[in-house]
Amino acid sequence: MHVIAVANQKGGVGKTTTTINLAAALAWYGRRVLIIDFDPQGHLSESQGFDEDELTSPATLAGLLLGQFEGRLDTLIRQAADNLWIIPTNEDMFLLESQLYSKAGREYLLSRLLDALAPAFDVCLIDCPPSLTALTDAALVASQVRSEGPTSGRILVPVQSEHSTKRALRLLFKQIMTIRNALRVGLEVAGLVVNFYDNRKGKIVTTTYQALQSIEGVPVLATIGDRKEMREAWANQTSVDGYAPDSEAARWYRELACELFPELKNTEPAEVAS
Ligand SMILES: Nc1ncnc2c1ncn2[C@@H]1O[C@H](COP(=O)(O)OP(=O)(O)OP(=O)(O)O)[C@@H](O)[C@H]1O
Ligand SMILES: [Mg+2]
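Conventions used here
Residues numbered from 1 in each chain as written. Chains lettered and ligands numbered in written order. Predicted model: local features only at pLDDT ≥ 70, side-chain atom pairs only at ≥ 80, totals over all residues. Helix = DSSP H or I, 4+ residues; strand = E, 2+ residues; numbered from the N terminus. Rg over C-alpha atoms; globule rule 2.2 N^0.38 Å. Buried ≥ 20, exposed ≤ 12 C-beta atoms within 10 Å, placed from the backbone. Contact = placed C-beta atoms within 7 Å. Near = placed C-beta within 6 Å. Nonpolar A, V, L, I, M, F, W, Y, C, P; charged D, E, K, R; others polar. Expected span 1.5 Å × (residues − 1). Arc of directions from axis to C-beta. Core = buried A, V, L, I, M, F, W, Y, C linked by C-beta atoms within 7 Å. Pairing = 2+ DSSP bridges. Axes fitted to C-alpha atoms, helices over the stretch in contact; angles between N-to-C directions.

Asker: Even after reading the chapter, I still don't get the overall build of the protein chain, so can you show me in this structure?
Answerer: Counting its secondary structure elements, the protein chain contains 12 helices and 8 strands. Radius of gyration (C-alpha) of the protein chain: 18 Å, near the 19 Å computed for a compact globule of 274 residues. Expressed as lengths along the three principal axes of its C-alpha atoms, the size of the protein chain is roughly 50 × 45 × 35 Å. Each of the 274 residues in the protein chain was classed as buried or not, and the buried ones make up 46%. Sequence-distant contacts, at least 24 apart, represent 77% of the contacts inside the protein chain between residues at least 6 apart.

Asker: Sorry, what's going on with the site of ligand 1 here?
Answerer: Looking at ligand 1, there are 19 residues lining it, with Gly 11, Lys 15, Thr 16, Thr 17 and Pro 130 nearest. By residue class, the composition of the shell around ligand 1 is 6 nonpolar, 8 polar and 5 charged.

Asker: How should I be thinking about helix H7 (residues 165-183) in this particular structure?
Answerer: Three- or four-residue spacings in an α-helix give side chains the same orientation, since the helix completes a turn every 3.6 residues. With 19 residues, H7 extends 27 Å from end C-alpha to end C-alpha; this agrees with the ideal 27 Å at 1.5 Å per step. What H7 keeps buried is the set Thr 165, Leu 169, Leu 172 and Ile 176. Burial along H7 is one-sided: seen end-on, the buried residues are contained in an arc of 65 degrees. Projecting away from the buried face of H7 at angles above 90 degrees are the exposed residues Arg 167, Arg 170, Lys 174, Met 177, Thr 178, Asn 181 and Ala 182. Looking at the buried residues of H7, the elements they touch are helix H6 (134-142), strand S6 (152-160), strand S7 (189-195) and helix H8 (203-213). Arg 184 lies just past H7 and shows a positive phi near 55 degrees.

Asker: Any chance you could explain helix H9 (residues 228-235) here in plain terms?
Answerer: Along H9, the residues classified as buried are Met 230, Ala 233 and Trp 234. The arc enclosing the buried residues of H9, seen along the axis, measures out at 100 degrees, which places them on a common side. Exposed side of H9, more than 90 degrees from the buried face: Lys 228, Arg 231 and Ala 235 are the residues found there. Contacts from the buried residues of H9 go to helix H1 (15-28), helix H2 (43-47), helix H10 (240-243) and helix H11 (248-260). Looking one or two residues beyond H9, the residue adopting positive phi is Gln 237, at roughly 60 degrees.

Asker: Explanation requested: the nonpolar core in the structure shown.
Answerer: Nonpolar side chains in soluble globular proteins tend to be buried together. Ranked by size, the top nonpolar core spans 82 residues in total, and within it Ala 5, Ala 23, Val 33, Leu 125, Ile 126 and Ala 139 carry the most contacts. Top contributing element to this core by residue count: H1, with 8 residues. For Leu 125, the contacting residues outside a window of four places in its chain are Ile 4, Val 6, Thr 19, Leu 22, Ala 23, Val 33 and Ile 35.

Asker: Looking at this structure, how should I read the sheet that holds strand S5 (residues 123-127)?
Answerer: Within a beta sheet, neighbouring strands are joined by backbone hydrogen bonds and run either parallel or antiparallel to one another. Taken in spatial order, the 8 strands make up an open sheet running S3-S4-S2-S5-S1-S6-S7-S8, and their pairing is mixed. The sheet terminates laterally at strand S3 (78-81) and strand S8 (220-223), the two strands that pair on one side only. Averaged over neighbouring strand pairs, the angle between their axes works out to 25 degrees when direction is ignored. Here 5 bridges tie strand S2 (residues 33-37) to S5, and the two strands are oriented parallel to one another. Each residue of the ladder has a partner; that of Asp 37, found in S5, is Asp 127. Contacting S6 and S7, H7 runs over the sheet at an angle of about 160 degrees to S6.

The following block contains the structure:
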């Protein structure tokens, strides 16, 4: 199973939107996709219509990671669409964040869970919280590059083309280096997704965009404009592919899927194949 942590400690840049829409695009290509909502805010779970009141402790993702839930893993997994499943979050995740600090091997908890789930899915996307804390560290480690083992992965970074982005990226890359060195895990940034891009918004936007395009070893994999279909899809508890499959926005995410997995370029979409 290929794991992609969708991370940036900066808030509101489009992590959750990228996760949902990339997942839907991969599902469109017939890949079996699992999304982990790893953000205690629960925006992804909410946006896909999962009511956290239906989740009772300790039968939650947090309960599982803290070793308080010993039931079947599949009771935590909900189907969102064809080929698309979600492990939703609930408010227990806020507690997990603080309890993780006293837990040995906390950085590997999610990684171990994904190893167990690997046989059932092709791709797993992790929607990270807007922070560089224990949850994000665990998500980054879960997306480590491995030549052997049930999973291997990469990190995808949604950004906006604005002045403060460069500093935010420096901090994120520093954290990635710190984890890489401290835990000796292979971490690789697949690239950036520039979200909300509008070149009519002035020089800061365009010059920042050029700077983002010239970061060595970190390609811009997609440039996504501000589109009403994205907000409408969210409000309708679906992806842009589910809401407006013929839109430019849906096409952008299919192109992003192909950038990440070039073999998809020669793949028939799931509807045609089945
Ligand atoms: N390209 C886009 N066009 C239009 N609306 C968008 C676009 N990208 C994101 N949005 C909207 O912007 C809001 C913030 O996006 P999103 O929640 O994905 O950001 P985030 O990085 O996950 O935020 P947080 O840091 O709080 O987790 C959402 O309401 C989403 O629907
Ligand atoms: Mg989010």
